[in-house]
Structures are given as C-alpha cells and as structure tokens.
Amino acid sequence: MKHLLFAAGLALATTTASAGDNGLMRKDSALGVTETVDAMVTAMEGAGITIFARVDHGAGAQSIGQDIGTSQLVIFGSPKVGTPAIKDDPAAGLFLPLKVLVYEDEMGGTKIVYEDPAAMLGKLGGVSDDAAYLKTMAGALAKFTGAATP
C-alpha cells in the first residue's frame, strides 16, 4: 500500500522512539492501525486526557477514490499542560493540542509518528528550552504511544 503523503519521506521506523527528520519521533507497533489507536486512546482516557478528534485519513482518501492505506490521526491534550505553553507564546496554539499519526506502511507494518514537543514548540520565540511542560508533553507522548507498542 502507498505511504500516507505526510509520511512519504520517512525512513524505516525503529521500535524505540528516535528524534530526527525535523524532530519527528517514530515507533513500530505490532498491532494493526485501529488496534494501535484504540490502545493509545484507552491509555489517554485512563489518564484523564481529552480526545479532541480521531481523523481517519484512509477513509478520507477512499472517499475520493484514492488508497493511502489505513491511517489515523489522534488529536488530544490537556488544558493543564497546554495552557502554560500558550501563555508563554500564543503561537503555540498552532501546534496544540498534540497529535499522533498511526499508519500502515508499504510492507503492511504499523508506524506511529509524532513531533517531539521541544522541536515543535522550540521554534517559537516565547517557549523556553527548559519549560517544564515540554518534558511533561514528551513523557505523555512516550507513555501513550508506548501503550500501543507492547
């Protein structure tokens, strides 16, 4: 199956998250796309995180007669964590809430991709490299994606 256009240039993912390519973190999941997203959403909801949307890119592509494989984007967050970032720099609202993309690659494997919060928000002038919320966001992303990579 074809790569999702967003992820077309990504190299092979590893089982542990690694930053590279503009701060993108990548993981493999042994589960299918839907099962991976379900596991992440369950972990997020269990932690009291708000799920704002679950976007089915694959279904969207099929609606116009295209096939990008199975692909879902989860948009989630917590005002308790995101609000301080937006207070430091209102432009942080362009990047928040957080997002995780889960897609099926050309070989049928499930890939998880998200942007490292420090790389994502670090390009803004008002967000300090040592802001505590960056570590909190990174930890949450690692925890929730880890719940889907047994």
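Residues numbered from 1 in each chain as written. Predicted model: local features only at pLDDT ≥ 70, side-chain atom pairs only at ≥ 80, totals over all residues. Heavy atoms only, no water.

What is the right way to read the pairing of strand β5 (residues 98–104) from this model?
Here is the key point about a regular strand: its side chains alternate between the two faces of the sheet. Most of β5 sits inside the fold, with six of its seven residues counted as buried. Looking at chain direction, strand β4 (residues 71–77) and β5 are connected through six bridges and run antiparallel. Considered in β5, the bridge of S71 is made with Y103. Two strands pair when backbone bridges link them, and β5 and strand β6 (residues 110–115) are joined in this way by four bridges, in the antiparallel orientation. Paired with V102 across the two strands is I112, which belongs to β6. What sits between β5 and β6 in their antiparallel hairpin is a turn of five residues, with G108 showing a positive phi close to 90°. (Buried < 20%, exposed > 50% of the residue type's maximum accessible area, 1.4 Å probe, protein only. Helix = DSSP H or I, 4+ residues; strand = E, 2+ residues; numbered from the N terminus. Pairing = 2+ DSSP bridges.)

What am I meant to see in the pattern of salt bridges here?
Any two side chains of opposite charge can pair if their charged atoms end up close together. This model, assessed by the stated rule, comprises four salt bridges. The salt bridge partner of R54 is D38, with a shortest N-O separation of 2.7 Å. With a gap of 16 residues between them, R54 in strand β3 (residues 50–56) and D38 in helix α1 (residues 33–46) connect regions that are remote in the sequence. For the salt bridge of D105 with K111, the shortest nitrogen-to-oxygen distance reads 3.5 Å. Assigned by exposure class, D105 and K111 land together as buried. One connected set of salt bridges, linked through shared partners, spans D28, D105 and K111. (Salt bridge = Lys/Arg side-chain N within 4 Å of Asp/Glu carboxyl O.)

Would you mind going over the confidence of the model for the chain with me for this structure?
Residues of the chain with pLDDT of at least 70 account for 86%, and the chain-wide mean is 87. Across residues 1–17, where pLDDT falls below 50, the model places 43 contacts with residues more than four positions away in sequence or in other chains. (pLDDT = per-residue confidence, 0-100. Contact = heavy atoms within 4.5 Å.)

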